[in-house]
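# Structural description and commentary
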Amino acid sequence: MNEGCQNLSDLSNHKKLNSANLEQIKDLIEILVDEETLPDTDSESPSKPNSNLSRSAQPDLNFLESDSINQKEMATEQESKSEEAAKLLALTAIEEVQGIETEKAIPEDLADTVNNLIPLIVGLLEFKLDNSREGIIETVRPVLDRLIAERTLEDSPKMAAAIARILPAAIEDEIRLNPLSIARAIAPEIALSIREQILLDADAIPKTLGPEMGKAIKAQIESERDAMVDALYPVIGSTISKYMVEVVQDINSKIERTLSPEGIKRKFRAKVQGISEAELIFQESVGYRVRAIFLIDKDSGLIIQEIQIPGERHLDSEMLAGMLTAICSFANDCIASGSELDLVDYGDWQILLEVAGYCYLAVIVAGEPPRAFITKTRQVLGKIVMEHDKAIQNFNGNLADVPLGIKTKLEQLTETNQNKPQSSSPILLWLLIFVLGLVFVPWGISSYRARIAHRIEQASAIQLDAAPELSVYRLDPTVKQGKLIVRGRVPDNYLRDRAETILQEIAEKNQLEIDNQIVAVNVPVSPNLVTGEIQRLTNLFNQQPQVSIQTSYQPKTLNINGLVLDKSTRQSIGQAFQQIPGIEQIVFNLSEQLSIAKQRIYFKSGSSELNFADNFAKINAVKQLLQQHPQVHLQLVASNDTIGSYLINYKLNYERCQSVKTALVARGIQAARLINNCNSIRSANNQDPSRADWLKRYVRFEPFIPSNFK
Amino acid sequence: MSTITQKICLLGDFSVGKTSLVRRFIEDKFSDRYLSTVGVKVSRKLVEVKTEIETHQINLLIWDLEGNTKFKSIAPSYLKGASSSIIVGDLSRSDTLSNLTQHLRLFWEINPQGQVAVALNKADLIPPEKLAKLVENYQLDNFPRVIGVYTTSAKTGDRIEQMFEDIATVLIPARKP
Ligand SMILES: Nc1nc2c(ncn2[C@@H]2O[C@H](COP(=O)(O)OP(=O)(O)OP(=O)(O)O)[C@@H](O)[C@H]2O)c(=O)[nH]1
Ligand SMILES: [Mg+2]
């Protein structure tokens with residue numbers, strides 16, 4: 001059809017025509033007429049204009065149903081008028097062409113005629129285009145789905161290729177015309193297809209959606225603010241409320257700074273009476289000081305990183321972190337679950353706590369840190385968590401594994417910690433501070449000194465009390481004008497000096513001079529006092545399992561009888577009694593050191609059988625000792641080698657002790673005096689690794705004297 | 001020489017002697033007075049363990065927890081992050097011994113990889129001839145990750161050092177390849 005149009009426009013452009021052209025035109029019109037629904041003028045009645053097409057379509061579309069034919073006929077009837085006009089047009093055209101041929105006209109006439117024909121042909125063509133498209137569509141529509149189905153079965157790739165080309169445009173069209181139904185059609189599969197895509201390429205979906213998320217949230221906040229607030233509150237609520245409290249405090253303090261003279265006067269009076277606002281400003285003018293920073297594992301309370309400022313008293317960070325963690329988890333469990341403790345305040349000190357993920361930061365500060373500092377701690381912790389969260393999460397107690405970056409970040413917090421309040425404060429405020437300073441600085445300094453002094457006095461008293469020989473005397477340490485003065489009475493110069501040496505250390509640490517005002521009253525010792533003290537010490541020593549002694553005192557001489565199972569205890573017994581005034585000589589009357597502790601009974605690998613031949617002498621020696629000292633009991637303790645499992649060694653140890661015990665009982669020793677303490681195993685790792693295995697398998701004896709045998 | 005820090009918890013019924021065990025281990029002291037622990041008491045001791053290859057320092061942070069009573073159970077959050085625990089029973093009170101497995105379970109619920117030592121305490125109160133029999137009933141070796149069962153006495157100091165040493169030994173980190 002396109003070709004026909006092309007020829008026609010050629011014709012109209014070239015006015016010069018020859019007979020060949022004329023032939024072409026004639027052919028063309030005939031083709032048009034033949035294809036068209038025009039009746040054969042001789043045989044067919046013009047009342048059935050479409051029968052030609054219907055007939056020719058039928059063999060191909062033999063599944064056409066009868067009612068669709070009816071429908072089609074009704075539709076075509078409506079168009080019959082315009083078809084009639086087309087028929088007329090076509091007939092005229094044919095006649096004209098035939099006329100030209102028969103008269104054999106000259107070329108000029110021919111051209112004229114053709115020129116007259118052109119509008120006719122164009123009209124005819126247009127009609128054919130309009131009419132036949134409608135007709136074809138009308139005919140094909142009812143069977144299109146089946147056509148497509150069959151065709152798809154035959155050659156689906158081709159079909160797909162064919163449809164693919166128009167699919168985007170088709171969908172676009174449909175969305176424009178009927179957006180709702182498209183949405184309904186696709187909706188159920190969207191979730192599934194996203195899930196599939198995530199499986200295929202986990203990053204793609206976040207990458208695609210990410211940039212839009214911000215916009216989406218923003219839009220959602222605009223349209224449904226309350227719902228968004230509700231959704232987000234559990235996450236950021238506490239952070240915001242914390243922040244708000246600080247903002248309000250900040251505003252308050254700003255308001256306080258811009259006061260009228262009257263207001264300041266009133267405030268001043270309030271402060272003179274000791275109200276806290278004064279302290280606030282005072283502290284602000286004093287600044288704050290960071291003492292230590294700890295990054296702590298939230299669950300275990302172990303320290304991940306610590307910074308202690310040199311010059312401050314060193315803190316036992318591990319215990320502190322442990323207790324802090326316990327307090328935090330207690331508070332979380334029992335007081336406010338879900339929220340976190342964020343400040344511990346004690347005296348001049350504060351512990352700021354910031355929690356994040358698997359760890360928390362504890363900053364110990366003196367004074368009142370400004371808000372900017374608190375903000376900074378949050379930022380630093382944020383950075384640490386962002387960069388090192390993996391290392392923190394996997395922390396296993398080994399400080400060597402902690403990334404260096406954490407320390408450098410924490411150190412930022414110690415840098416500018418001597419903040420002064422901004423210099424932009426109004427002059428009035430400075431005046432106020434000056435006046436307050438006149439009042440409070442001396443007061444503050446003296447109260448600070450008093451507190452320090454009190455602390456030193458307490459520490460001294462505790463130290464004195466901790467020395468057993470001094471604990472019975474009342475000694476009174478006081479701090480005054482650079483001196484540590486100690487008063488009291490003790491029976492002799494030895495104890496006086498002893499007290500001094502104990503206090504020396506404390507005095508040096510605090511740069512104080514010692515003023516020893518203890519009086520050594522050389523009381524003529526009352527025998528009662530001496531025997532009382534001797535009895536006290538005797539009982540004290542007898543509480544130890546290696547000691548069973550009796551003491552008797554004649555003026556100046558003390559006799560000690562009994563058993564002391566090890567050498568060092570024997571020495572300390574001597575020293576302790578020597579210090580009792582009134583004792584000048586001590587006579588030891590102790591049985592010889594027990595050599596039992598050195599006896600070891602060795603065993604064969606994997607066996608608990610006691611080899612009597614080898615161990616006869618040892619067993620006998622033990623037996624004799626036990627018979628000599630009826631109060632002595634023995635604990636049997638086994639060691640094992642590294643061969644075999646825990647369980648095997650555990651059993652072996654138990655059985656080895658049992659066979660030693662049996663051997664001794666068979667020799668007349670009461671079973672009750674032998675305690676098999678082999679029901680846990682001695683970890684072989686603790687033994688000297690260079691030793692031979694057989695040297696690791698033994699049972700040894702630990703003598704002791706039960707309290708009811710003393 | 002390497003140093004690592006590890007958290008270790010003591011748990012068991014009230015008055016079985018948890019605090020006394022820790023006190024004996026750290027200060028080598030004992031008192032007959034009973035002062036019930038409230039909440040937690042954290043203490044610390046550095047333990048050295050020699051192996052064939054090197055000496056390890058293990059810094060034990062010992063959490064002595066409040067014992068549970070009929071009315072109050074142990075707060076699980078105190079157990080978090082502990083690499084090991086000592087479960088304590090009182091040999092003179094059989095109910096505290098039958099509760100041992102319950103404590104074991106609680107601990108493992110929170111620290112599935114945790115190591116456990118079982119201390120059957122107050123061994124000094126039990127006549128030696130009865131001790132072995134009594135102890136036999138509470139062999140918990142069929143549990144994995146039980147380091148051992150120890151008949152301890154905070155009063156005499158028996159087996160305590162040993163127990164802590166064994167725990168420290170199993171806490172030595174595996175050598176990295
Ligand atoms: N005879 C004896 N008494 C002990 C021993 N260990 C502890 N006791 C006593 O048992 C009592 C309770 O000891 P604690 O150590 O306070 O017990 P606890 O388990 O810490 O108790 P809670 O903190 O309340 O859970 C105290 O009177 C101790 O003197 C022991 O080995 N032998
Ligand atoms: Mg306790």
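Residues numbered from 1 in each chain as written. Chains lettered and ligands numbered in written order. Predicted model: local features only at pLDDT ≥ 70, side-chain atom pairs only at ≥ 80, totals over all residues. Heavy atoms only, no water.

## Some points on the overall build of chain B
- Broken down by element type, chain B carries five helices and six strands.
- Sequence separation of 24 or more characterises 70% of the internal contacts of chain B that already satisfy a separation of 6 or more.
- Summed over its atoms, the accessible surface of chain B is roughly 8000 Å², and 52% of this surface lies on carbon and sulfur atoms. (Helix = DSSP H or I, 4+ residues; strand = E, 2+ residues; numbered from the N terminus. Contact = heavy atoms within 4.5 Å. Areas by Shrake-Rupley, 256 points an atom, 1.4 Å probe, with all protein chains shown as cover.)

## Observations regarding the site of ligand 1
All names here are of chain B.
- If you check the shell around ligand 1, you find 23 residues, and the closest are Thr19, Ser20, Tyr34, Asp124 and Ala154.
- Between an oxygen atom of ligand 1 and a main-chain N or O atom of Asp32, the distance comes to 2.9 Å.
- Between Asn121 and ligand 1, the recorded distance is 3.2 Å, taken from a side-chain N or O atom to a nitrogen atom.
- When residues in the shell around ligand 1 are grouped by element, the largest group, three residues, is from helix α1 (residues 18-27).
- Tallied by class, residues from the shell around ligand 1 come to seven nonpolar, ten polar and six charged. (Near = heavy atom within 4 Å. Polar contact = N/O pair within 3.5 Å; in protein donor to acceptor, adjacent residues only side chain to side chain. Nonpolar A, V, L, I, M, F, W, Y, C, P; charged D, E, K, R; others polar.)

## A few points about the coordination of the magnesium ion (ligand 2)
All names here are of chain B.
- Looking at the magnesium ion (ligand 2), one finds its protein donor set to be Thr19 (OG1) and Thr37 (OG1), positioned 1.8 to 1.9 Å from the metal centre. Of this pair, Thr19 sits in helix α1 while Thr37 sits in the loop between α1 and β2 (40-50), and the two are 18 residues apart along the sequence.
- With a relative accessible area of 16%, Thr37 lands in the buried category. (Donors = N, O, S within 2.8 Å, 3.2 Å for Na, K, Ca; no water. Buried < 20%, exposed > 50% of the residue type's maximum accessible area, 1.4 Å probe, protein only.)

## Some remarks on the confidence of the model for chain B
Residues and elements named next belong to chain B.
- Overall, the prediction assigns chain B a mean pLDDT of 89, with 97% of residues at 70 or greater.
- The secondary-structure element of chain B with the lowest mean pLDDT is helix α4 (residues 128-136), recorded at 85, while strand β4 (residues 84-90) shows the highest, at 96.
- Complex prediction metrics read pTM 0.44 and ipTM 0.87. (pLDDT = per-residue confidence, 0-100.)

## As for the pattern of salt bridges
- Here the structure, examined in full by the defined rule, presents twelve salt bridges over all chains.
- One salt bridge connects A:Glu533 with A:Arg536, and the closest N-O pair in it is separated by 2.9 Å. Of this pair, A:Glu533 and A:Arg536 both sit in helix α19 (residues 527-542), three residues apart, which is roughly one turn of that helix.
- The exposure class of A:Arg536 is partly exposed, given its relative accessible area of 35%.
- Among the ionic pairs, B:Asp28 bridges to B:Arg24, the shortest N-O distance being 3.0 Å.
- Connected through salt bridges with shared partners, the residues A:Asp316, A:Glu318 and B:Arg44 form a single ionic network. (Salt bridge = Lys/Arg side-chain N within 4 Å of Asp/Glu carboxyl O.)

## Things to note about the confidence of the model for chain A
Residues and elements named next belong to chain A.
- A residue-level look at chain A finds 64% of positions with pLDDT of 70 or above and a mean pLDDT of 72.
- Across chain A, the secondary-structure element scoring lowest on mean pLDDT is helix α3 (residues 51-57), at 40, and the one scoring highest is strand β2 (residues 303-308), at 92.
- In this model residues 417-425 is a low-confidence stretch, pLDDT under 50, and it forms 15 contacts with partners more than four residues away in sequence or in other chains.

## Side note on the side chain of B:Thr152
All names here are of chain B.
- Mapped onto the fold, Thr152 is located in the loop between β6 (146-151) and α5 (160-171).
- Polar contacts involving the side chain of Thr152 include one to the side chain of Asn121, which spans 3.0 Å.
- Discounting residues that sit within four places of it in the chain, Thr152 has contacts with Leu21, Ala119, Leu120, Asn121, Lys122, Ala123, Asp158, Arg159, Ile160 and Met163.

## Remarks on the packing of aromatic side chains
Residues and elements named next belong to chain A.
- Tallied over the entire structure, the rule returns four aromatic pairs over all chains.
- Above the plane of the ring of Trp349 lies Arg291, whose end atom (NZ or CZ) is 4.5 Å from the centre.
- The lysine or arginine in question, Arg570, covers the ring of Phe588, its NZ or CZ lying 4.8 Å from the ring centre. (Phe/Tyr/Trp six-rings, centres within 6.5 Å; stacked < 30°, edge-to-face > 60°. Lys NZ or Arg CZ within 6 Å of the ring centre and 35° of its normal.)

## Things to note about the environment of A:Thr375
- Relative to the helices and strands, A:Thr375 resides in helix α15 (residues 371-393).
- The exposure class of A:Thr375 is partly exposed, given its relative accessible area of 32%.

## Overview of the packing of helix α21 (residues 612-628) of chain A against helix α22 (residues 646-666) of chain A
Residue and element names in this part refer to chain A.
- Between α21 and α22, the shortest axis-to-axis distance is 11 Å and the interhelical angle comes to 65 degrees. Pair α21 / α22 crosses with right-handed handedness. Packed against α21, whose contacting residues are Phe612, Ile619, Val622 and Lys623, the element α22 presents Val660, Ala663 and Leu664 at the interface.
- Looking at the contact of α21 with α22 residue by residue, the class counts come to six nonpolar, no polar and one charged. (Axes fitted to C-alpha atoms, helices over the stretch in contact; angles between N-to-C directions. Left-handed = near helix turned anticlockwise from the far one by under 90°.)

## Regarding the interface of chain B and chain A
- Counting from both sides, the interface comprises 43 residues of chain B and, opposite them, 37 residues of chain A.
- Across the chain B/chain A interface, buried area totals approximately 3400 Å², and carbon plus sulfur atoms make up 48% of it.
- Of all residues in chain B, the largest losses of buried area upon contact with chain A belong to B:Val42, B:Pro128 and B:Arg159, amounting jointly to 14% of the total for that side.
- The salt bridge partner of A:Asp316 is B:Arg44, with a shortest N-O separation of 3.0 Å.
- Run the count over chain B and chain A and you get six residue pairs in polar contact (both at pLDDT 80 or more).
- Elements that contribute at least two residues to the side of chain B that touches chain A include exactly β1 (2-12), β2, β3 (55-65), α4, β6 and α5 of chain B.
- The residue inventory of the side of chain B that touches chain A, partitioned by class, reads 16 nonpolar, 13 polar and 14 charged. (Buried area = accessible area lost by both parts, 1.4 Å probe.)

## With respect to the packing of α19(A) against helix α20 (residues 567-578) of chain A
Residue and element names in this part refer to chain A.
- Packing of α19 against α20 brings their axes to within 10 Å, and their N-to-C directions diverge by 160 degrees. Put simply, α19 runs roughly antiparallel to α20. For the pair α19 and α20, the crossing hand works out as right-handed. For the pair formed by α19 and α20, the contact residues are Ile534, Leu537, Thr538 and Phe541 on the first element and Ser572, Ile573, Ala576 and Phe577 on the second.
- In terms of residue class, the contact of α19 with α20 is made up of six nonpolar, two polar and no charged. (Parallel < 35°, antiparallel > 145°, perpendicular 65-115°, else oblique.)

## A word on the nonpolar core
- If you look at the biggest cluster of nonpolar residues, it comprises 56 residues, and the most contacted ones within it are A:Leu295, A:Leu410 and B:Leu120.
- Here this core gets six residues from one element, more than from any other, and that element is α15(A).
- Among all residues touching B:Leu120, those that are not within four sequence positions of it are B:Gly89, B:Leu91, B:Leu97, B:Leu100, B:Val135, B:Tyr138, B:Val149, B:Tyr150, B:Thr151 and B:Thr152.
- Grouped together as the second largest cluster of nonpolar side chains are 25 residues, B:Leu10, B:Val88, B:Ala117 and B:Ala168 included. (Core = buried A, V, L, I, M, F, W, Y, C linked by side-chain atoms within 4.5 Å.)

## Some points on the pairing of strand β3 (residues 343-346) of chain A
Residue and element names in this part refer to chain A.
- Alignment of β3 against strand β4 (residues 349-356), held across four bridges, turns out to be antiparallel. Along β4, the bridge assignment pairs Asp345 with Gln350.
- From the end of β3 to the start of β4, which pair antiparallel, there are two residues, and Gly347 there has a positive phi angle of about 55 degrees. (Pairing = 2+ DSSP bridges.)

## Examining a nonpolar patch on the surface
Residue and element names in this part refer to chain A.
- Taken together, the side chains of Leu144, Leu147, Ile148, Ile163, Ile166, Leu167, Ile171 and Ile175 present a nonpolar region at the surface, about 640 Å² in accessible area.
- Looking at the nonpolar patch, the element that brings in the most residues is helix α8 (residues 156-177), giving five residues.
- Relative to the assigned elements, Ile171 resides in helix α8. (Patch = residues over 30% accessible without salt bridge, like charges linked within 9 Å, V, L, I, M, F, W, Y side chains within 5 Å.)

## As for the sheet that holds strand β5 (residues 115-121) of chain B
Residues and elements named next belong to chain B.
- The strand order across the open sheet formed by six strands is β2-β3-β1-β4-β5-β6, and the pairing between neighbours is mixed. Strands at the two margins of the open sheet, each flanked by one partner only, are β2 and β6. Strand-to-strand twist across the sheet, computed as the mean angle between neighbouring axes with direction ignored, equals 20 degrees.
- The strands that α5 touches are β1, β2, β3, β4, β5 and β6; relative to β6, the one it contacts most, it runs at about 175 degrees.

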